[in-house]
Amino acid sequence: MHAVILGNGVSGATAALRLRELRPEWRITMVSGETTYPYSRPALMYVFMGHMRYRDTKPWPDSLWADRRIELLRGWVSEIDTKERSLKFEDGNRLGYDRLLLATGSRPNLFGWPGQELKGVQGLYSLQDLALLRENVKRARRAVVCGGGLIGIELAEMLHGLGLPVTILAREEWYWGNILPREEGRFVSRMIVEEGFDLRLSTGLSEILGDGEGRVRGVRTSEDEVLDCQLVGLTAGVSPNLAALEGSGIPTRRGILVDRSLRTEVEGVFAAGDCAEIETGGDRNLLQQVWYTGKAQGRVAAASLAGIEERYEPGIWFNSAKFLGLEYQVYGEVPNRPGEGRRHLYWEDFEARRAFRVVEEGGAVCGMDILGGRLRHRVCESWIREGRRLEEVLEGLGEACFDPEFFPRPVERIRKEIREVAG
């Protein structure tokens, strides 16, 4: 039995390792066009800024794959033939499979902006993008970053660290507006401005202007303003990478449609991670991924490949990030817009760069987020799972604080001020 895993991100690599445990006799091949060995994509920023080396971004030693008898094949796949059960590569070579896991990840959104093909215009998603960025900054005196999310602020921070003036275009009313509630978004927006960035909110990209020789010279915004620049970062989110699926007969919507066991409707084909869209039978399919959900899906996919019945259950949502030196964590349900039946209680100390929110529904805490600190995952998850009431959560904040400097004075202030708001 030959299992092929297309993609070596966290889902693909996790699946390969677990499948080897479950089926020691199988042949396993992991394919990637980007790199031979898996690496941590969120670390690209730190490699560029000199805080990490590329080899430090690898979650597993290179020797592990040979030790586990997992073949690593470097190449871009252009076609998937599900009838013949084979992959066709851009160089014309083919690879047969008995069972196939698609873990192709995501790719940057490009919305057909005029001029997006010009030299000096790029995204920040792959190791190849990092190499391109090193070349593009050599010619740049100013930069414009288009996109109000995590990748956008990371790229802006990287360029700002080199001394480049950076303008950020964000279509939302506040930064990261599709994720953060209004208060946290305004907190982050104010911080971005105070750190020296030119932040343009409620402003999009209209077109990218060329210099007549194939390079970027500026952008025109949705406000019809022309901004001079020699580097444009396109960071307007990502979408599932379905590039190799055309004509394969594998059903897709936004992503590759799979059931809770990560099977597609095509016999012997599975999908996991950023490229997978899980049909829930409800109003909303599961699509959004982070590191730990991708890893969990990789484990379930390996079981399904091996013929073992397991189901993916996302559990309580968690995400974390760090930008401009600011820690951010979110647990459970913290929507960016208030919903009926939910009560939001928010505390902020901008001068200390700290904020905290609790969301209640039906008398129980269903979510919380924190800026400027870290909470203990085990504690916060148990509060939400057990439906703890607000007062119990406030009393237990000291137990949840991961950072010694966050306790005790800010915790006492949070308790006092949130209790006052809660009445």
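A quick note: this is a predicted structure, and the numbers were derived from the prediction, not measured.

**Focus: empty space enclosed by the protein**
Overall, the coordinates contain 1 cavity of 30 Å³ or more when judged by the stated rule. Of the volumes computed, that of the largest cavity is approximately 40 Å³. Lining the largest cavity, in full, are Pro-108, Leu-124, Tyr-125, Ile-151, Leu-234, Thr-235, Gly-237 and Val-238. Class assignment for the residues of the lining of the largest cavity results in 6 nonpolar, 2 polar and no charged.

**A closer look at the packing of aromatic side chains**
Counting across every chain of the model gives 8 aromatic pairs. Judged by centre distance (5.6 Å) and plane angle (80 degrees), the rings of Trp-60 and Trp-65 are edge-to-face. On the numbers, 5.0 Å between centres and 70 degrees between planes, the contact of Phe-187 with Phe-350 is edge-to-face. In this pair, Phe-187 sits in helix H6 (residues 182-194) while Phe-350 sits in the loop between strand S23 (342-349) and strand S24 (354-361), placing the two residues 163 residues apart along the sequence. Judged by relative accessible area, Phe-187 falls into the buried class, the value being 2%. Overall, the relative accessible area of 5% leaves Phe-350 in the buried class. Counting every residue linked through ring pairs, the aromatic cluster contains Trp-176, Phe-323 and Tyr-328. Above the ring of Tyr-125, the side-chain terminus of Arg-41 is found at 4.2 Å from the ring centroid. Arg-353 extends its terminal NZ or CZ atom over the ring of Phe-350, reaching a point 4.5 Å from the ring centre.

**Examining H6**
Across its 13 residues, H6 extends 18 Å between first and last C-alpha, which sits within 8% of the 18 Å expected from 1.5 Å per residue. The complete set of buried residues in H6 reads Glu-184, Gly-185, Phe-187, Val-188, Ser-189, Met-191 and Ile-192. Backbone geometry just downstream of H6 places Gly-196 in the positive-phi region, at approximately 105 degrees.

**A closer look at the packing of helix H1 (residues 10-22) against helix H7 (residues 291-305)**
Following both chains from N to C, one finds H1 and H7 inclined at 35 degrees, their axes separated by 7 Å at the closest point. Relative to H7, H1 is oriented so that their crossing is right-handed. In contact with Val-10, Ser-11, Thr-14, Ala-15, Arg-18, Leu-19 and Leu-22 of H1, H7 contributes Trp-291, Gly-294, Lys-295, Gly-298, Arg-299, Val-300, Ala-302, Ala-303 and Leu-305.

The rules we used
- Residues numbered from 1 in each chain as written.
- Predicted model: local features only at pLDDT ≥ 70, side-chain atom pairs only at ≥ 80, totals over all residues.
- Heavy atoms only, no water.
- 1 Å grid on protein atoms, 1.4 Å probe; cavity = no way out; pocket = protein on both sides within 12 Å on 5 of 7 lines; lining within 4 Å.
- Points joined across faces, edges and corners; volume = space filled by probe spheres on them.
- Nonpolar A, V, L, I, M, F, W, Y, C, P; charged D, E, K, R; others polar.
- Phe/Tyr/Trp six-rings, centres within 6.5 Å; stacked < 30°, edge-to-face > 60°.
- Helix = DSSP H or I, 4+ residues; strand = E, 2+ residues; numbered from the N terminus.
- Buried < 20%, exposed > 50% of the residue type's maximum accessible area, 1.4 Å probe, protein only.
- Lys NZ or Arg CZ within 6 Å of the ring centre and 35° of its normal.
- Expected span 1.5 Å × (residues − 1).
- Axes fitted to C-alpha atoms, helices over the stretch in contact; angles between N-to-C directions.
- Left-handed = near helix turned anticlockwise from the far one by under 90°.
- Contact = heavy atoms within 4.5 Å.

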